[in-house]
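Structural characterization, general
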Amino acid sequence: MVDAVRCEKLVKIYDTGGQKVVALNGIDLTIKLGELMMLVGPSGCGKTTLISVIAGILDQDSGICELFGENVNAMRSKDKLQFRAKNIGFVFQAFNLLPSLNAAENVSIPLIINGVKRAEAERKAIKVLEQVGLGDRWKSFPSQLSGGQQQRVAIARALIHSPRLIVCDEPTSALDHVSGHNVMNLLKEVALHEDRALVIVTHDARIFEFADRIAQMDDGHVVKVTP
Amino acid sequence: MNHIALKMLMGDTGKYLGIVMGLTFASLIMTQQPAIFMGILARTYSFISDTGLPDIWVMDEKVQFVDDIKPLQDTELYRVRGISGVAWAMPMYKGLLKARLADGAFQTCNVIGLDDTTLIGGPPIMLQGNISDLRRSDGVIIDIDGLNEKLSKLDADGKKIPLKIGDSLELNDHRAIIVGIAKVTRTFQSQPVIYTTYSRAKSYAPKERKLLSFVLVKAIKGQDLDELTRRIREKTGLAAYTQQEFMDITYNYFIKNTGIPINFGISVLLGFIVGAAIAGQTFYSFTLENIRQFGVLKAMGTSNWTLLRMILLQAVLVGSIGYGMGVGLTALFGYAMRHTILAFKFPWQLLVFSGAGVSIICMLAAFISILKVMRLEPAIVFKS
């Protein structure tokens, strides 16, 4: 069975004003379908760069990163966009909901990007919001929701188009302990299944218990994968 | 994605109104100032356009514009009348004379002398009295604006009391009695306009050998006007212009020989730059503030082409609203000022001009915003 993500000798170097910073220094990592993988490590160790490359929104300088057996980096720009729109769901630390759209409209965005008509997309969005426990708040704007509720909306947005990989960047860092646990329970219950993988970048040791495997990163390397 | 673009635009009412107001101001300043400019220039030839009946104006060949009077001998009238293709030719006196008011003050007035018999060349609109009243002894017709403003009397409280029919004034020590009140388009110098007969105007004017200012000519039906003006020039050695040509000559004189175009041009240009800066900066700031949202959309798979369309839609919408409000305010301004001394002319060409100006501003602002979004790394969304 094909892996969700296979990274091999992945290198990414940033040129910051003439100074070269090696963010990824030969990363080898595999994430299986049905797996919840956490990337942990100190600030600046390359976690965010790695999920950016995995999600196809940043190109590596060398090495291979395959998603579901396909080399996204080698794709034409248009195909890469389509691949991303179809296969990747995003959950961000700062939620990144569009403040002028209500919950249902925010959740419907990935479907609209994939060409689904607006009315149908919003109908489906309300159903997904029901799945994450916000069926009665679909008309609410982000400013009318708590942090935990906003993250649920973000999770609904990441799920609505049934992507095969969901990348989450510090999904609980802006939430209190209870809300953080609720969000992780939700991700595990609703988002994770055998045809889909989850990659979560986190500093939050309180949620390590939810991981199937944890990749410890430091200085652009994966230094340890547990178990 | 269009509805998302519109909601992003209108989601923050304060910023949205800020952009619209910036563009409204730009549009207002791009229409209001040129409208005043065009109004002032239209006044330079308003006397010609108000005198609608003649087809051709005949004058000394050295005349440069309508107020540049170089008088002719009365005999020139008969020479013009003798040219084939002329249905009729009438004399006109036009000159600046001092009127002495009842309180002893003097006011320079534009005195127009019309053919005694036909009274051709009279005011376009009579508000009180009749043009034929000019045949009454010492009769003059005065324009309403002149009566209300420069020729008015002041009462004990300093309040202006306009002259009325039956009141008299002195023109060069000759008595003139107001027999009618007319509405004429204000002239460039905005002097009161006094209509009288040609023979009476000659008696008001200082004694000179030549007093005929213009010969007003009507061509016979079917006569080619260009051909007739050429014939008049050939036979008399005088200048002969169609009404439109004379208006153009007058207009061009003021354009070339006065500082009006450059003064107003600078004002309009500054208005355009300030308006463009405000509107462009506001719109660009709006895009910058929403850059993360564009980044989210880009990360989720929205193409640059779609984002470009979204920004263009936002620019077109705020541009259209700002433009509509700007020209609307200009029109309101013109309407509110219609009875004042302010010059104002709002032709359709001005709508096109300001429309093009606002479009350029919006497209420029959108272009800079689009460049920013196109170059945006979607990975920005992972930065907290």
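Residues numbered from 1 in each chain as written. Chains lettered and ligands numbered in written order. Predicted model: local features only at pLDDT ≥ 70, side-chain atom pairs only at ≥ 80, totals over all residues. Heavy atoms only, no water.

1. A few points about the overall build of chain B
Of the regular secondary structure elements, chain B holds 12 helices and 12 strands. A principal-axis box enclosing the C-alpha atoms of chain B has dimensions of 95 × 60 × 30 Å. Once local pairs closer than 6 in sequence are excluded, the contacts in chain B between residues at least 24 apart make up 77%. Within the structure as shown, chain B displays about 17,300 Å² of accessible surface, and the carbon and sulfur contribution to it stands at 59%. The averaged location of the 31 negative side-chain charges in chain B is 7 Å from the averaged location of its 40 positive side-chain charges. (Helix = DSSP H or I, 4+ residues; strand = E, 2+ residues; numbered from the N terminus. Contact = heavy atoms within 4.5 Å. Areas by Shrake-Rupley, 256 points an atom, 1.4 Å probe, with all protein chains shown as cover. Lys, Arg positive; Asp, Glu negative; His and termini not counted. Charge placed at Lys NZ, Arg CZ, Asp CG, Glu CD.)

2. Section: the interface of chain A and chain B
The partner chain B presents 22 residues to the 26 residues of chain A that form the contact. Together chain A and chain B conceal approximately 2,200 Å² of surface at their shared face, both sides included; 70% is due to carbon and sulfur atoms. Taken as a group, A:Ile57, A:Leu98 and A:Ile113 account for 23% of the area that chain A buries against chain B, more than any other trio of residues on that side. Counting across the chain A and chain B interface gives 1 salt bridge. Across the pair B:Lys7 and A:Glu105 runs a salt bridge, and its minimum N-O distance is 2.3 Å. Our count for the chain A to chain B interface comes out at 6 residue pairs in polar contact (both at pLDDT 80 or more). Listed by contribution, the elements that provide at least two residues to the side of chain A that touches chain B are helix H1 (47-54), helix H2 (77-87), helix H3 (103-113), helix H4 (118-131) and strand E7 (165-169) of chain A. The residue inventory of the side of chain A that touches chain B, partitioned by class, reads 15 nonpolar, 5 polar and 6 charged. (Buried area = accessible area lost by both parts, 1.4 Å probe. Salt bridge = Lys/Arg side-chain N within 4 Å of Asp/Glu carboxyl O. Polar contact = N/O pair within 3.5 Å; in protein donor to acceptor, adjacent residues only side chain to side chain. Nonpolar A, V, L, I, M, F, W, Y, C, P; charged D, E, K, R; others polar.)

3. Topic: the packing of helix H1 (residues 2-11) of chain B against helix H11 (residues 304-336) of chain B
Residues and elements named next belong to chain B. Relative orientation of the contacting elements H1 and H11 amounts to 55°, with a least axis distance of 9 Å. In terms of orientation, H1 and H11 fall into the oblique class. H11 is crossed by H1, and the crossing has right-handed handedness. Judged by residue contacts, Asn2, Ile4, Ala5, Leu6, Met8, Leu9 and Met10 of H1 engage Met310, Leu313, Gln314, Leu317 and Val318 from H11. Residue classes in the contact of H1 with H11 are distributed as 10 nonpolar, 2 polar and no charged. (Axes fitted to C-alpha atoms, helices over the stretch in contact; angles between N-to-C directions. Parallel < 35°, antiparallel > 145°, perpendicular 65-115°, else oblique. Left-handed = near helix turned anticlockwise from the far one by under 90°.)

4. Thoughts on the pattern of salt bridges
Residue and element names in this part refer to chain A. Summed over the entire model, instances satisfying the criterion amount to 25 salt bridges over all chains. Glutamate 66 is the salt-bridge partner of arginine 6, the closest N and O atoms lying 3.4 Å from each other. Of this pair, arginine 6 sits in strand E1 (residues 5-16) while glutamate 66 is found in strand E4 (residues 62-67), placing the two residues 60 residues apart along the sequence. Exposure remark for arginine 6: the relative accessible area of 25% places this residue in the partly exposed category. (Buried < 20%, exposed > 50% of the residue type's maximum accessible area, 1.4 Å probe, protein only.)

5. Quick notes on H2(A)
In an α-helix there are 3.6 residues to a turn, and that puts residues three or four apart on one side. Listing the buried residues of H2(A) in full gives A:Lys80, A:Leu81, A:Phe83, A:Arg84, A:Ala85 and A:Asn87. Where H2(A) is buried, its residues contact E4, strand E5 (70-71), strand E6 (88-91), H3 and E7 of chain A together with helix H10 (291-299) of chain B.

6. Quick look at the side chain of B:Thr51
When you line up the elements, B:Thr51 lands in the loop between helix H3 (46-50) and strand E1 (56-59). B:Thr51 has contacts with B:Trp57, B:Met92, B:Gly121, B:Leu216 and B:Gln243, leaving out every residue within four places of it along the chain.

7. Description of the domain arrangement of chain B
Residues and elements named next belong to chain B. When the domains of chain B are assigned, the result is domain 1 (2-44 + 259-382) and domain 2 (73-237). With centres defined by C-alpha atoms, the gap from domain 1 to domain 2 works out at 48 Å. With 7 residues of domain 1 at the contact, the number on the domain 2 side is 5 residues. Both faces combined, the contact of domain 1 with domain 2 buries some 520 Å², and carbon together with sulfur accounts for 61% of it. Connecting domain 1 to domain 2 are 0 salt bridges. (Domains from an automatic or database assignment.)

8. Digging into the nonpolar core
Core analysis: the biggest nonpolar cluster contains 118 residues, and A:Met38, A:Leu50, A:Phe90 and A:Leu165 have the highest contact counts within it. Apart from the residues within four sequence positions on either side, A:Leu50 is in contact with A:Cys7, A:Leu10, A:Leu24, A:Ile27, A:Leu29, A:Leu39 and A:Met217. One finds B:Ile83, B:Leu147, B:Leu163 and B:Tyr204 within the second-largest nonpolar core, a separate group that totals 38 residues. (Core = buried A, V, L, I, M, F, W, Y, C linked by side-chain atoms within 4.5 Å.)

9. Some remarks on the packing of helix H9 (residues 260-289) of chain B against helix H12 (residues 348-374) of chain B
All names here are of chain B. Interhelical geometry of H9 versus H12 gives an angle of 35° and a closest axis separation of 9 Å. Taken as a pair, H9 and H12 cross one another with a handedness that is right-handed. Between H9, through Val268, Phe272, Gly275, Ala276, Ala279, Gly280, Phe283, Tyr284, Thr287 and Leu288, and H12, the contact on the second element is made entirely by Phe353, Gly357, Ile361, Ala365, Ala366, Ile368, Ser369, Lys372 and Val373. Of the residues that constitute the contact of H9 with H12, the class distribution is 13 nonpolar, 5 polar and 1 charged.

10. Considering the pairing of strand E2 (residues 86-100) of chain B
Residue and element names in this part refer to chain B. As paired strands, E2 and strand E11 (residues 214-219) are joined by 6 bridges and run antiparallel to one another. By the bridge assignment for E11, methionine 92 is matched with phenylalanine 214. Two strands pair when backbone bridges link them, and E2 and strand E3 (residues 106-114) are joined in this way by 9 bridges, in the antiparallel orientation. In the sheet register, methionine 92 faces E3, and the bridge partner there is leucine 114. In this structure, E2 lies alongside strand E8 (residues 168-171), joined through 2 bridges in antiparallel fashion. What sits directly across from arginine 100, in E8, is glutamate 170. (Pairing = 2+ DSSP bridges.)

11. Comments concerning the packing of aromatic side chains
Applying the stated rule across the entire model yields 12 aromatic pairs over all chains. Centroid distance B:Tyr45 to B:Tyr251: 6.3 Å. Interplanar angle 55°. Geometry classified as tilted. In this pair, B:Tyr45 is assigned in the loop between helix H2 (13-44) and H3 and B:Tyr251 in helix H8 (residues 243-257), connecting sequence segments 206 residues apart. Between the aromatic rings of B:Tyr241 and B:Phe246, the centroid separation amounts to 6.1 Å while the plane-to-plane angle is 10°, which identifies the pairing as stacked. Each member of the pair, B:Tyr241 together with B:Phe246, is buried. Here a set of aromatic residues connected by ring pairs shows up, and it is made of B:Phe47, B:Trp57, B:Phe214, B:Tyr241 and B:Phe246. Taking the ring centre of A:Phe68 as reference, the NZ or CZ of A:Arg164 above it sits at 4.1 Å. (Phe/Tyr/Trp six-rings, centres within 6.5 Å; stacked < 30°, edge-to-face > 60°. Lys NZ or Arg CZ within 6 Å of the ring centre and 35° of its normal.)

12. Remarks on the sheet that holds E4(A)
Residue and element names in this part refer to chain A. With antiparallel pairing, 4 strands are arranged side by side in an open sheet as E2-E1-E4-E5. Of all the strands in the sheet, the pair left with one neighbour each is strand E2 (19-31) and E5. As paired strands, E1 and E2 are joined by 10 bridges and run antiparallel to one another. Residue pairing in the sheet places valine 11 in a bridge with asparagine 25 of E2.

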